[in-house]
Structure formats: C-alpha cells, structure tokens
Amino acid sequence: MRINCPFCGTRGNEEFTVLGAADPVRPDADAPVPDWVAYAHARENPRGPHRDLWQHQHGCRAWLVVERDTLTHAVIAVRPARDA
Amino acid sequence: MDYSIFGLLKNALTGNRLWAPVWRDPAPKQRYDTLIVGGGGHGLATAYYLAKEHGITDVAVLEKGYIGSGNVGRNTTIIRSNYLLPANTHFYEKSLQLWEGLEQDLNYNAMVSQRGVLNLFHSDAQRDAYARRGNAMRLAGVDADLLDAVTVRAMVPGIEMQDARFPVKGGLLQQRGGTVRHDAVAWGYARAADRRGADILQNTEVTGIRVEAGRVLGVETTRGFIGARRIGLAAAGHSSRVAAMAGLRLPIESHVLQAFVSEAVKPLLDTVVTFGAGHFYVSQSDKGGLVFGGDIDGYNSYAQRGSLPVVEEVMECAVTLFPAFSRLRYLRQWGGVMDMSMDGSPIIDRTPVEGLFLNCGWCYGGFKATPASGWCFAHTIATGQPHPLNAAFRLDRFATGAVLDEKGAGARPNLH
C-alpha cells in the first residue's frame, strides 16, 4: 500500500504509523458517559471506504486523514488532518 | 459411521472409492429453534455443544462460503493457555482441556500435538514479566515452566542465543500447548454437529436480521428468509457488519493478519517458539513446512491480504532468531480478517436485542479458543445466561470499565 503524502509525495506505508478511525468526535468534557463510551470504543468498521488517521512518522511527521477502501486497499484521498 | 482401523483398511483395499460425504447438504427449513451465523470453527463448535451439552438439535449453521474457507483455515494452528488475567486463564485452560479430549469426543483425527509452546525472553525485565505470568498460570492450575538459557539451547538447537541486540536469556514453556491441524477442526466439528442433527448450510449468506419489538424473528439470506427463536452471531472478522443488521455498533475493528509457510524441510523444530523481542512465532508442520506469523498490519482491512512491510518484518524476526532459516524459500503467504476488540479480549454475551447472542472480538487468538468458545456460547444461548467461564467477556464492559486488557495497551486495537 502506498500513501500520497500531500507534503512529501507518494511513499510506502512503512513510513507511516496509523492511529485508527478519523471520524469519532471527542465529546465535551461534561458529556454523558454513553457519549464517551461511543467515542472511545464503538466503531463503524466499514467494509469499503473508510477515513483513518495516519502520521508520516518517518517523513514530515504531519498528521493525515487517509480515505481508503478497506476491501481493496485503494487509497482514495489524503488530506492534512487540520483541513480534513 | 465411526472411523476405525477396520473402516480405514476396507477403504484402502477398495481404492478409497466407497467414502461417503461426512455431512449432509440439506435444503434450509423455513424455521429453526436456533440459528448460528458463521460456519467457522466457533460456529460449528457452538452447534455441536448445543446438541451434546444441551440437547438442542433444531439448529442450522449459516455459512457464506464453504466450511473451512475463513479464519479456521487461515491461522498458524497454535493452541495454548498461557494467559495472565484470571478470566482469560480459566477460559483458555478450559479450551486446552477440550482440545486434549477432542479427537475421542468427535471421533475425528485433528492431529492434536502437545509439542509445547516456548515464549523466549531477552532481558531481565522480560524474565520477571514471564515469571509473573508463569506463576499466575500455576496458581490457576495451568502448567508452566521457566527455563534458563542452557535448557532452551538444549531444547531448540537452531536458536541464535547470542544475538548482540536480543540475546536469549531463557523462556517460559507451556508443555501442554502445541498445534492442531486446523482444517480437521472445522471438518470434525461439522461432521459431529451434523451427526447430532444440525443442518450445515453452506453458500448461504445472511443479508439481514429481522427484529420486531426488540426481539429477533429470523434472518434474510441469499436462499430466502429463515425464522428462528434464537440467533447466535459468530462471524469473526465480519462481526461488525452482521451485528449492524440488528442495529448494534460494536467495539470492534477488522484488521488483516498474515501468515506464512516455507518449503518443506526435514524435521528441525519440534515445538512452537515465539520471539520475545518482536512479534514472531513458528512451528513445523507434519508436512515439513515451517508455519510462521507475526503482527497484524495495523490498519482497518477486510482484504484477506496484507502489505509487504509486515512480510519483511516477519522475515527479519525469523532470520534473527533462526539464522538457518535464511536459506529457506517461503512457499505461501495469506491473510485473514481479525475482529480486533478494543481491549484485546473476546465477547461472548447476550445483546440488547432479545434472542440475539454475540460471539466476537477474538483478535488474532481465536483458533486456540475454538472448543471453549463453542462450549460457552452454547451455554449462553441455551440457558440465556453466561457461564462463569465467559461471565467476564461481556459486551457492556467497555461502558462499565471492567475491560480485560491483557497487554495494558488501552482502547487501540492495533496495539493488542
């Protein structure tokens, strides 16, 4: 699998580390417990397009949101996390 | 018909032309008492123990592909019960005990081989951690032996003991661990469940779960609607998708795990060895191939194939630990889709939907759990209550905080 880093160009995925799903939104500090449980543990886990957070650890160290197809490993889009 | 030496002789002398199929290929009935979704090892074992332990025989196992096509035929065949947390230790020990009696119970040769599982350690701190794990196991009545480097060297001559970066200081041995021929586990349970009356429906994909007023009515399949009073989900890497059909959102991510087999060579390894300084484990099959694996790739995947960096890492671990392996060619490599839970431990429980039961979250340790998973899941389905052995494997533990994090890695599936 190769990821097209918007800053460095296309690199092999061994240059990157992966954190997990990009879409869970951190609740407010005083949000009820079920919201926190859903944020920390529940996942959509789709078979198909999925957005996850990667860091270009052995490159520019930027955090990226990578949209990938989990069935084919095709990389659909890569954006800097702050813009995604 | 039971297998026996006389049956084998008769069939050998008649050119193996008289063997009959060992399970039926029935048409689905309109309704069953209990449906099991997923015809892998866990689902088939559940059907078998529902009949054997609870007398429930009006059961169908629904399998999307064919028996043996999923993770039950894609693992590295290792069995062991060397866990630290009490809930895991007792559960996996039950599993190991069921493995020990499996072939007599099923009348099927699964090639259960208790050749030992040796976990190597490479530092004083790791020795302490392994001693603690061994002590926890022995307190629970499980066998464990802490070996020094001299004993390890005598036991497995091929290991590079004096590697400059990761010298081998010793190992924790579970002699009762070992390997089992994984295809035979699927076939053995399928045959045994079928003989007790369960219908095994291959090429029958579940496309929906019908729920009304909070209770299950049955499943939509590619062969039509099938009604049921109770439904057990045992869909491994596809658990999230099946559970979503009933409106559940699980604490599961699907990840790919790769495994490898080398060309066949003469016997050089008579136990299972795990590397303590990287994620690598190896055994030698009876055909002579070295069967080995490493870590999951680390990203969500349903692809049943991984990427090359993990292949390279596993090979590096292999030749670091066994320099002689560098002259081998590897024959095949494959991937399976793992249901990685958020704390690295499984779920066998009821669900908020009446009549719907859940068995998932096996991460990359599901094969060794097959008998106990089926045994406990059958108990949970039959009685409506978890057995004490799976009482800790609750779905709501992520909300209550009673998580079972064997590694202490937190809610990060790709770290377990």
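An unreviewed UniProt entry annotates chain B as Sarcosine oxidase subunit beta originating from Falsiroseomonas bella. UniProt annotates chain B under Sequence similarities (unreviewed entry) with the comment "Belongs to the SoxB family." Database annotation for chain B, UniProt heading Subcellular location (unreviewed entry): "Cytoplasm".

By the naming in an unreviewed UniProt entry, chain A goes by Sarcosine oxidase subunit delta and is assigned to Falsiroseomonas bella.

Section: the domain arrangement of chain B
All names here are of chain B. Each assigned domain of chain B is listed here: domain 1 (27–78 + 84–93 + 100–105 + 182–251 + 343–415) and domain 2 (112–176 + 254–339). Listed by partner, the interface residues are 25 residues for domain 1 and 32 residues for domain 2. For the domain 1 and domain 2 pair, buried surface summed over both sides reaches about 2500 Å², with 56% attributable to carbon and sulfur atoms. By the criterion of area lost to domain 2, the three top residues of domain 1 are Arg74, Leu84 and Tyr364, representing 26% of everything that side buries. Put simply, domain 1 and domain 2 have three salt bridges between them. Arg133 is paired through a salt bridge with Glu406; the nearest N and O atoms lie 3.6 Å apart. Applying the counting criterion to the domain 1 and domain 2 interface returns 13 residue pairs in polar contact (both at pLDDT 80 or more). Among the secondary structure elements, those contributing two or more residues to the side of domain 1 that touches domain 2 are helix H3 (86–100) and helix H8 (239–244). With four residues, the top contributor of residues to the side of domain 1 that touches domain 2 is H3. Here the residues of the side of domain 1 that touches domain 2 are counted per class, giving eight nonpolar, eleven polar and six charged.

Structural notes on H3 of chain B
Across its 15 residues, H3 of chain B extends 21 Å between first and last C-alpha, which sits within 8% of the 21 Å expected from 1.5 Å per residue. Every buried residue belonging to H3 of chain B is among Asn88, Thr89, Phe91, Tyr92, Glu93, Lys94, Ser95, Leu96, Leu98 and Trp99 of chain B, and all of these are buried.

As for the sheet that holds strand E4 (residues 117–121) of chain B
Residue and element names in this part refer to chain B. Read across the open sheet, the eight strands follow the order E5-E6-E4-E13-E14-E15-E12-E16; overall the sheet is mixed. Two strands bound the open sheet, and with one partner strand each, they are strand E5 (145–148) and strand E16 (330–341). On average, each strand axis in the sheet is inclined to that of its neighbour by 25 degrees, with strand direction left out of account. In terms of strand pairing, strand E12 (residues 252–264) meets E16 through eleven bridges, oriented antiparallel.

Reading the values: rules and limits
- Residues numbered from 1 in each chain as written.
- Chains lettered and ligands numbered in written order.
- Predicted model: local features only at pLDDT ≥ 70, side-chain atom pairs only at ≥ 80, totals over all residues.
- Heavy atoms only, no water.
- UniProt positions renumbered as here; feature names shortened; annotations may be inferred.
- Domains from an automatic or database assignment.
- Contact = heavy atoms within 4.5 Å.
- Buried area = accessible area lost by both parts, 1.4 Å probe.
- Salt bridge = Lys/Arg side-chain N within 4 Å of Asp/Glu carboxyl O.
- Polar contact = N/O pair within 3.5 Å; in protein donor to acceptor, adjacent residues only side chain to side chain.
- Helix = DSSP H or I, 4+ residues; strand = E, 2+ residues; numbered from the N terminus.
- Nonpolar A, V, L, I, M, F, W, Y, C, P; charged D, E, K, R; others polar.
- Expected span 1.5 Å × (residues − 1).
- Buried < 20%, exposed > 50% of the residue type's maximum accessible area, 1.4 Å probe, protein only.
- Pairing = 2+ DSSP bridges.
- Axes fitted to C-alpha atoms, helices over the stretch in contact; angles between N-to-C directions.

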